[in-house]
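Descriptive analysis of the structure
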Amino acid sequence: MKNDDNDDCIPTLVDETTVSSAKVPVTILTGYLGAGKTTLLNYILTENHQKRIAVILNEFAQGSAMEHLLLTTTKNENDGNGRQQYQDWLELRNGCLCCSVKDVGVQAIEQLLEKRRNHFDYILLETTGVADPLPIVKMFWLDDELHSDLILDGLITVIDAHNGLKNYEDDRHQAKALWSRQVAMADVVVVNKIDLVSEEEKMKVLSIVQSINVTAQIYETTRSRIDLSLILDRHAYSNDSPTDYLLKKIEKQTSISIPHGHQTLNSITIELNGEFDFNALDQLIIQLLWNEQNTIQEIVRMKGVLCLRNESTYKLLQAVGQMYEFITTNENHHDNLRNCLVIIGSNLNQDFLIDQFQKCIT
């Protein structure tokens, strides 16, 4: 990395391979308006958690006390329209860094990262309450060939156990589709304000969340108080993602039934034995995600733990929208050729999907 301000200083010799591999994990925090994202951010920004986290705020709600308290506005002079692209970093006493980004593009965040790279080792990016997380996930899910300093760690969705359920059950409410999509994209769902609902209401919320996204880790919170180790360092998009957890999770949740009434999105699980032919499987994934078979179903997310022909270790399948990746793991399946797939979408035809994946097994 260039450092034009210190040309006269003698640089410290470092191992370039070590520096280039030290990517900064990015966790995306989403959730509908009023769910408790800002409360969670306030907790992270004020608690002494011994972590060096940079919290990037895409946009605070208008009139937020945190906005006036923590952020100092600066303008980007290179912007011909005088548009504020981002607000400068503010370092807090607990070691956190805070800034507000108007353009959440990877390039904007990498520019900020250059300024304070040695001050933090983790980024938490908050989206707006009405943001579709899909394009944001795609933005940070980057190929290694692009040599970005950032790596996507996971997506956390905060939901309001009380008002969120009201939004979901109102078919006329446009929030329903967005609420469901935010849950569908999540690696972790934080069910907040659990103290404001009855046990029956709580179980209903949990059932709906599980029916939409059977693979998500779910935590119940009051005032968004949670052990940060539960939501950070998920490694959801790397070969460190725990295959054993996914296998056990799918096995335990396959009996979840979809709640009565119209379901915007839901998930189905497929378990098959055998070894997949990689080329056949790769072509099928393309056809399904791009809907080349002209079916009415829409797939928005896919996760899987798979056994491939002539490979002794599991492969992880991660798909978001029309992007997908097969991730190599170091975990040996020991000839236990069990494959687990979770498909999240709308109008899913389980029998059709099982048949299509079965044809790829040798």
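The model shown is predicted, which means the values in this text are computed figures rather than measured ones. (Residues numbered from 1 in each chain as written. Predicted model: local features only at pLDDT ≥ 70, side-chain atom pairs only at ≥ 80, totals over all residues. Heavy atoms only, no water.)

Considerations on the state of the cysteines
What makes a disulfide is a covalent bond joining the sulfur atoms belonging to two cysteines. Within this structure, the stated rule accounts for zero disulfides. Residue C340 stays outside any disulfide, its sulfur separated by 9.0 Å from that of C307, the closest cysteine. (Disulfide = S-S within 2.5 Å.)

Considering the pairing of strand β10 (residues 298-306)
For β10, a buried count of eight out of nine residues is recorded, marking the element as mostly surrounded by other parts of the structure. When β10 meets strand β13 (residues 338-346), the two strands line up antiparallel, connected through seven bridges. Bridged to R301 within β13 is I344. Sheet analysis places β10 next to strand β11 (residues 313-320), joined by six bridges and oriented antiparallel. Paired with L306 across the bridge in β11 is K315. (Buried < 20%, exposed > 50% of the residue type's maximum accessible area, 1.4 Å probe, protein only. Helix = DSSP H or I, 4+ residues; strand = E, 2+ residues; numbered from the N terminus. Pairing = 2+ DSSP bridges.)

A short note on the packing of aromatic side chains
A full pass over the atoms with the stated rule returns four aromatic pairs. Seen from their ring centres, F276 and F357 are 6.4 Å apart, and the 85° between their planes marks the pair as edge-to-face. Of the two residues, F276 sits in the loop between β9 (266-273) and α10 (278-289) while F357 sits in helix α11 (residues 350-358), which places them 81 residues apart along the sequence. The pair F276 / F357 is uniform in exposure class, with both members buried. Aromatic rings pair up to connect F278, Y324 and F326 into one cluster. (Phe/Tyr/Trp six-rings, centres within 6.5 Å; stacked < 30°, edge-to-face > 60°.)

Some points on the nonpolar core
Grouped together as the largest cluster of nonpolar side chains are 51 residues, with contacts concentrated most on I123, F140, L150, W179, V189 and V191. By residue number, the principal contributor to this core is helix α7 (residues 175-185), which donates six residues. A domain-level breakdown of this core finds at least three residues from each of domain 1 (24-59 + 84-230) and domain 2 (243-252 + 263-360). If sequence neighbours within four positions are ignored, V191 has contacts with I159, A161, V205, L206, I218, Y219, E220 and T221. (Core = buried A, V, L, I, M, F, W, Y, C linked by side-chain atoms within 4.5 Å. Domains from an automatic or database assignment. Contact = heavy atoms within 4.5 Å.)

Some points on empty space enclosed by the protein
Inspection of the entire model under this criterion finds one cavity of 30 Å³ or more. Quantified by volume, the largest cavity comes out at close to 30 Å³. Looking at the lining of the largest cavity, its residues break down into two nonpolar, five polar and no charged. (1 Å grid on protein atoms, 1.4 Å probe; cavity = no way out; pocket = protein on both sides within 12 Å on 5 of 7 lines; lining within 4 Å. Points joined across faces, edges and corners; volume = space filled by probe spheres on them. Nonpolar A, V, L, I, M, F, W, Y, C, P; charged D, E, K, R; others polar.)

What to know about the packing of α10 against α11
Where α10 contacts α11, the axes come no closer than 10 Å and their chain directions differ by 150°. When the interaxial angle is binned, α10 and α11 end up roughly antiparallel. Of α11, the residues touching α10 (which contributes L281, L284, I285 and L288) are F352, L353, Q356 and F357. (Axes fitted to C-alpha atoms, helices over the stretch in contact; angles between N-to-C directions. Parallel < 35°, antiparallel > 145°, perpendicular 65-115°, else oblique.)

A short note on the sheet that holds β13
Read from one edge of the open sheet, five strands run β9-β13-β10-β11-β12, paired in antiparallel fashion. The sheet terminates laterally at β9 and β12 (323-332), the two strands that pair on one side only. Recorded for the sheet is a direction-independent mean angle of 15° between the axes of neighbouring strands. In this sheet, β12 lies alongside β11 in antiparallel orientation, the contact comprising seven bridges.

Quick word on the packing of α7 against helix α8 (residues 199-212)
In helix packing, the relevant descriptors are the interaxial angle and the interaxial distance, both defined with respect to the helix axes. In the contact formed by α7 and α8, the axes pass within 9 Å of each other and the chain directions differ by 65°. With respect to α8, the element α7 is oriented roughly perpendicular. Crossing of α7 against α8: the hand is right-handed. For the pair α7 and α8, contact is made by W179, S180, V183 and A184 and by I208, V209 and I212, respectively. Looking at side-chain class alone, the contact of α7 with α8 contains six nonpolar, one polar and no charged residues. (Left-handed = near helix turned anticlockwise from the far one by under 90°.)

Considering α11
Of the positions making up α11, those classed as buried are L353, Q356 and F357. In an axial view of α11, the angular spread of the buried residues amounts to 95°, which keeps them on one side of the axis. Lining the buried residues of α11 we find β9, α10, β10 and β13. The opening residue of α11 is N349, an N-cap whose side-chain oxygen sits 3.3 Å from the backbone nitrogen of D351. (Arc of directions from axis to C-beta. Polar contact = N/O pair within 3.5 Å; in protein donor to acceptor, adjacent residues only side chain to side chain.)

Focus on the pattern of salt bridges
Opposite charge on two side chains permits them to pair, given that their charged atoms come into close proximity. Taken as a whole and assessed by the stated rule, the structure comprises 10 salt bridges. Two residues, K193 and D160, come together in a salt bridge whose shortest N-O distance is 3.1 Å. Of the two residues, K193 sits in the loop between β7 (188-192) and α8 while D160 sits in strand β6 (residues 150-160), which places them 33 residues apart along the sequence. Here E271 and R338 are joined by a salt bridge, their closest N and O atoms 3.0 Å apart. Taken together, the positions of E271 in strand β9 and R338 in strand β13 put the pair 67 residues apart, joining distant regions of the chain. On the accessibility criterion, R338 (16% relative accessible area) is buried. The structure contains a network of salt bridges with shared partners spanning D187, R301 and K303. (Salt bridge = Lys/Arg side-chain N within 4 Å of Asp/Glu carboxyl O.)

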